[in-house]
Amino acid sequence: MSALDFSTTLGNAWFPAPTFTASGCASSGRELAQFIDLSSIGGVVTKSIMNKARSGRPTPRMAETPSGMLNSIGLQGPGIESFIAKDIPYLIDQKARIIVSIAGETVEEYSVLARKLRAVSGISAIEVNISCPNVENRGLVFACDPEASRKVIDGVRRTIGGELPIIAKLSPDVTDLVSIARGVVDAGADALALINTVLGMVINLDTMRPHLGGKTGGLSGPAIRPIAVRAVYQVHAAMPQVPILAMGGVSTGRDALEMIAAGASGVSIGTASFGNPHAIIAIQDELKHLLVSKGFTSLRDAIGFAHRPESE
Amino acid sequence: MSLINKNATNVRALVVSNKRVGQYFQLIISIGDLAENCKPGNFVAINVGGDSSRMVLRRAFAISRVSTNSLNGGTMELIVAPHGQGSKWLCNQGEGAELDVIVPLGTAFGIPTEPVHVLLVGGGYGSAPLFGLAELLNAKGCRVDMLLGASTGSKIYAPMEGKRAVNSLRIYTEDSSMGQGGRVTDPIPQVIADSEIAVIYSCGPMAMLSAIDSITRGTDVVHQCAVEESMACGIGICMTCVIPVMQPEGNIAMLRTCIDGPVMDGSVVEWDKVGKAL
């Protein structure tokens, strides 16, 4: 294979590969470590961590759907203190590059989380998840409200200072994604994570009631991939200078290259890892081969390629 | 190296045989040396539907028995009910079909160090892993009594060869079509009162496990149960298969039944909170 520069950047954070776990799809990292070397991928995006321990939503939390699944976890997690004490050191020990995902119920909670993470070394970036669909009150999905989105990112930016890149994770369940994206970039986001799951529902025909304990859930998997490609393409067209970490049904190297051509600087793999714990490695290898076979010498040359005029 | 999933290996495994047994299918799958790491209670996660399938998640099945020295090397036996699309696909895989399998996963039944008196309780095809367990307990010198139950006789799974390892077997069906009429949990209070049962091992629907717990709670009888919640990954990363469990610190935690189970101590499961928000 000829020399390929496979590295990428999100804000000022550098990664040797553009392939990441997706938030909430790698647990603490220990579970996947039996199957893959966590240092061999671009980085681990942690589950979205909140200030306090949280038990999440009732079961059933899962429903498989055609080429996808609904989940209704509700941000179950140990809370930031335990996370910093136990999970971060483990990932550092594995020589994984770490993007910490945070989630809050209030604008203030995000700032508190940012303050607690500020002093922690070994973190490459912070993903600010303002778009988890599995919260009690849909009003809490900050990313559906331009003003609330801006406030959260502004609070985190002020707290964290200029060092750590902030990646704002947005929801596709909005009318004008580009305006939300512009708002959070203006408020200080260095990069964007697109897309969170799409809100959905399954009715159980035995009980004739919603199947999930939380009634609604987030749809993920290949079923939503075209939505993600569209979201990445639209936002990259509007703000080509803002790096995008793309996720939404990526299962193969071809899927990853679609995202990159649409404008993504990195790609996260979530649901595919549920079906195949080696998925990230396989996607990474296939993506490398595809780039080389298409004559690219650098991943960066492929980012946003789909926006070039026909003549190029 | 992580301790979670520490024996789990993702392999391509061949179906050695597949035959219909009543309402269920018995699949024998070649897994080589991995059979040595499989213990009663462990489960496997299998890809279904082939490469172009719209089913993106693995299906989890309890390992009912393993053989480390069959003609085909190490093999495992699965008893599968063709309920949904995924299990129907698996039941259609004939001899020579190749499966993508992660094995073994989850916790195993604890085996007593002394030759004690144990009771095995199975609901429906939940009985399948109990026969492999019975062989192990029998070899340890335990007295093994077994109760099996189902809604109707055709849903009882009780293979002839499996019965050799048990000292007694009683069957209960709700429609009285096989064995005695009633629920499999009905005779348990009397069994506990009449004999020195040290451990109840159970596998079956959550309602059955919960009913056993209400009988054993407050007694000296240990209840080891294999629980079942729907799971997306089987390896601890999706957080969907959780059940509420009382922690030593006095708080209730949502534990993953794939890595902290499926075999759990029934006395610490908060049965009345299963399926509810904490």
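What you see is a predicted model; the values in this text were computed from it and never measured.

### Side note on the overall build of chain B
Check the secondary structure of chain B and you find 4 helices and 16 strands. Taken over C-alpha atoms, the radius of gyration comes to 18 Å for chain B, in line with the 19 Å a tight globule of 278 residues would show. Within the span of chain B, comprising 278 residues, buried residues form 51% of the whole. Look at the contacts in chain B between residues 6 or more apart in sequence, and 65% of them connect residues 24 or more apart.

### Here's the deal with the sheet that holds strand β13 (residues 222-226) of chain B
Strand order across the open sheet formed by 7 strands is β11-β10-β9-β8-β12-β13-β16 (chain B), with mixed pairing between neighbours. Edge strands, defined here as strands with exactly one partner in the open sheet, are β11 (180-181) and β16 (263-265) of chain B.

### Quick look at the interface of chain A and chain B
With 34 residues of chain A in contact, the opposing surface of chain B contributes 29 residues. Broken down by secondary-structure element, the contributors of at least two residues to the side of chain A that touches chain B are α1 (30-33), β5 (62-65), β6 (68-71) and α8 (271-275) of chain A. Split by residue class, the side of chain A that touches chain B holds 14 nonpolar, 15 polar and 5 charged.

### Details of unusual backbone geometry
Following T59 of chain A, the chain continues to P60 of chain A via a peptide bond in cis, the omega torsion being 0 degrees. As for its position among the elements, P60 of chain A is in the loop between β4 (44-45) and β5. For the bond running from V103 of chain B to P104 of chain B, omega is -15 degrees, close enough to zero to count as cis. Structurally, P104 of chain B is set in strand β7 (residues 98-105). The phi angle at S176 of chain B is positive, at roughly 60 degrees, despite the residue not being glycine. With respect to the helices, strands and loops of the structure, S176 of chain B is situated in the loop between β10 (168-173) and β11. By the C-beta count within 10 Å, which is 12 here, S176 of chain B ends up exposed.

### Looking at the packing of helix α7 (residues 253-262) of chain A against helix α9 (residues 279-293) of chain A
Residue and element names in this part refer to chain A. Direction vectors running N to C along α7 and α9 enclose 65 degrees, while the axes themselves pass 7 Å from each other. In this structure, α7 crosses over α9, and the sense of that crossing is right-handed. Judged by residue contacts, G253, R254, A256 and L257 of α7 engage I283, E286, L287, H289 and L290 from α9. When its residues are assigned to classes, the contact of α7 with α9 shows 5 nonpolar, 2 polar and 2 charged.

### Details of the pairing of β6 of chain A
Residue and element names in this part refer to chain A. Burial along β6 is two-sided: the face carrying G68 and L70 and the face carrying M69 and N71 are both buried. Bridging between β5 and β6 involves 4 bridges; their strand directions are antiparallel. Within β6, the residue paired with A63 across the bridge is L70. Two successive antiparallel strands, β5 and β6, enclose a turn made up of 2 residues, where S67 displays a positive phi of approximately 55 degrees.

### Thoughts on the nonpolar core
Membership of the largest hydrophobic core comes to 196 residues, with the highest contact counts inside it found for I167, L192 and V232 of chain A. Filtering out sequence-adjacent residues up to four positions away, L192 of chain A remains in contact with I167, A168, L170, A181, V235, V242 and I244 of chain A.

### Section: helix α5 (residues 177-186) of chain A
L177, I180, A181, G183, V184 and V185 of chain A are the residues of α5 of chain A that are buried. G188 of chain A sits one or two residues past α5 of chain A and shows a positive phi near 125 degrees.

### Some points on the domain arrangement of chain B
It is common to give the size of an interface as the accessible area that goes away when the parts come together. Residues and elements named next belong to chain B. Domains assigned within chain B are domain 1 (9-105) and domain 2 (117-230). Each of domain 1 and domain 2 has a C-alpha centre, and these two points are 24 Å apart. Classifying every residue of the side of domain 1 that touches domain 2 by side-chain character gives 8 nonpolar, 4 polar and 1 charged.

### Brief notes about the sheet that holds β6 of chain A
Residue and element names in this part refer to chain A. Strand order in the open sheet formed by 4 strands is β5-β6-β14-β11, with antiparallel pairing between adjacent strands. Sheet topology places β5 and β11 (198-200) at the edges, where each strand pairs with a single neighbour. Strand-to-strand, the axes of this sheet are offset by a mean angle of 35 degrees, without reference to chain direction. As judged from the 3 bridges shared by β6 and strand β14 (residues 217-220), these two strands associate in the antiparallel manner. The residue bridging M69 from the neighbouring strand is S220, located in β14.

### Topic: the pairing of strand β4 (residues 59-62) of chain B
Residue and element names in this part refer to chain B. Burial of the side chains of β4 extends over both faces: R59 and F61 are buried on one face and A60 and A62 on the other. As paired strands, strand β3 (residues 43-46) and β4 are joined by 4 bridges and run antiparallel to one another. Considered in β4, the bridge of I46 is made with R59.

### Looking at the environment of S210 of chain B
Mapped onto the secondary structure, S210 of chain B falls in helix α4 (residues 206-216). In this structure, the C-alpha to C-alpha distance between S210 of chain B and D272 of chain B, residues 62 residues apart in sequence, is 8.2 Å.

### Section: the packing of α5 of chain A against helix α6 (residues 225-238) of chain A
All names here are of chain A. Look at α5 against α6: their axes get within 9 Å of each other, and the N-to-C directions meet at 55 degrees. In terms of orientation, α5 and α6 fall into the oblique class. The two elements α5 and α6 meet at a crossing, and its hand is right-handed. Touching L177, V178 and A181 of α5 are A231, Q234, V235 and A238, all from α6. When grouped by side-chain class, the residues that make up the contact of α5 with α6 number 6 nonpolar, 1 polar and no charged.

### Re the environment of H83 of chain B
Residue and element names in this part refer to chain B. Relative to the helices and strands, H83 is located in the loop between β6 (73-80) and α1 (85-91). Note on H83: 9 C-beta atoms within 10 Å, which makes it exposed. Separated by 59 residues in the primary sequence, H83 and Y24 place their C-alpha atoms 9.7 Å from one another.

Quick notes on the rules
- Residues numbered from 1 in each chain as written.
- Chains lettered and ligands numbered in written order.
- Predicted model: local features only at pLDDT ≥ 70, side-chain atom pairs only at ≥ 80, totals over all residues.
- Helix = DSSP H or I, 4+ residues; strand = E, 2+ residues; numbered from the N terminus.
- Rg over C-alpha atoms; globule rule 2.2 N^0.38 Å.
- Buried ≥ 20, exposed ≤ 12 C-beta atoms within 10 Å, placed from the backbone.
- Contact = placed C-beta atoms within 7 Å.
- Pairing = 2+ DSSP bridges.
- Nonpolar A, V, L, I, M, F, W, Y, C, P; charged D, E, K, R; others polar.
- Axes fitted to C-alpha atoms, helices over the stretch in contact; angles between N-to-C directions.
- Left-handed = near helix turned anticlockwise from the far one by under 90°.
- Core = buried A, V, L, I, M, F, W, Y, C linked by C-beta atoms within 7 Å.
- Domains from an automatic or database assignment.
- Parallel < 35°, antiparallel > 145°, perpendicular 65-115°, else oblique.

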